[in-house]
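Structural description and commentary
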Amino acid sequence: MAKKSLIAKAGRKQKFGVRSYNRCPLCGRSRAYFRKFGICRLCFRKLASQGEITGVTKSSW
């Protein structure tokens, strides 16, 4: 889990635009963030397996 202070820091408007970065709104993770879905890979996997993300199915071959 991300520290509360880091989550708050990422949410503020930065002085310079290049300093801003994306965080998962569910768990606060900064790495492995999917822009298309707006969440990190761990939350994406959990929600997709539960069927809560529309248009995403578990692949099998």
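Structure first, text after, so check above.
Residues numbered from 1 in each chain as written. Predicted model: local features only at pLDDT ≥ 70, side-chain atom pairs only at ≥ 80, totals over all residues. Heavy atoms only, no water.

Some points on the overall build of the protein
Looking only at helices and strands, the protein has 2 helices and 2 strands in total. Going residue by residue from the N terminus, the α and β elements of the protein occur as α-β-β-α. Here the C-alpha atoms of the protein give a radius of gyration of 14 Å, more than 25% beyond the 10 Å that 2.2 N^0.38 yields for 61 residues. Summarising its shape, the C-alpha atoms of the protein cover approximately 45 × 20 × 15 Å along the three principal directions. Each of the 61 residues in the protein was classed as buried or not, and the buried ones make up 23%. Partitioning the contacts of the protein with sequence separation of at least 6, the portion at a separation of at least 24 is 6%. (Helix = DSSP H or I, 4+ residues; strand = E, 2+ residues; numbered from the N terminus. Rg over C-alpha atoms; globule rule 2.2 N^0.38 Å. Buried < 20%, exposed > 50% of the residue type's maximum accessible area, 1.4 Å probe, protein only. Contact = heavy atoms within 4.5 Å.)

Overview of the side chain of Gln14
Summarising the element assignment, Gln14 is placed in the loop between helix 1 (4-11) and strand 1 (33-34). Among all residues touching Gln14, those that are not within four sequence positions of it are Lys9, Arg19 and Ser20.

Quick word on unusual backbone geometry
In this structure, Ala32 is a non-glycine residue whose phi angle is positive, near 55 degrees. We classify Ala32 as partly exposed; its relative accessible area is 33%.

Comments concerning a positive patch on the surface
Taken together, Lys9, Arg12, Lys15 and Arg19 make up a surface patch of like positive charges. With respect to the helices, strands and loops of the structure, Lys15 is situated in the loop between helix 1 and strand 1. With a relative accessible area of 71%, Lys15 lands in the exposed category. (Patch = residues over 30% accessible without salt bridge, like charges linked within 9 Å, V, L, I, M, F, W, Y side chains within 5 Å. Areas by Shrake-Rupley, 256 points an atom, 1.4 Å probe, with all protein chains shown as cover. Salt bridge = Lys/Arg side-chain N within 4 Å of Asp/Glu carboxyl O. Lys, Arg positive; Asp, Glu negative; His and termini not counted. Charge placed at Lys NZ, Arg CZ, Asp CG, Glu CD.)

Focus on the environment of Leu6
Considering the arrangement of structural elements, one finds Leu6 in helix 1. We classify Leu6 as partly exposed; its relative accessible area is 34%. Sequence-distant contacts of Leu6, defined by excluding residues within four places in its chain, comprise Tyr21 and Arg23.

Observations concerning the side chain of Arg23
For Arg23, the location among the structural elements is in the loop between helix 1 and strand 1. One buried charged side chain, Arg23, makes no salt bridge at all; its nearest oppositely charged neighbour is Glu52, positioned 21 Å away. Beyond its immediate chain neighbours, meaning those up to four positions away, Arg23 contacts Ala2, Leu6, Ile7, Ala10, Gly28, Arg29, Ser30 and Tyr33.

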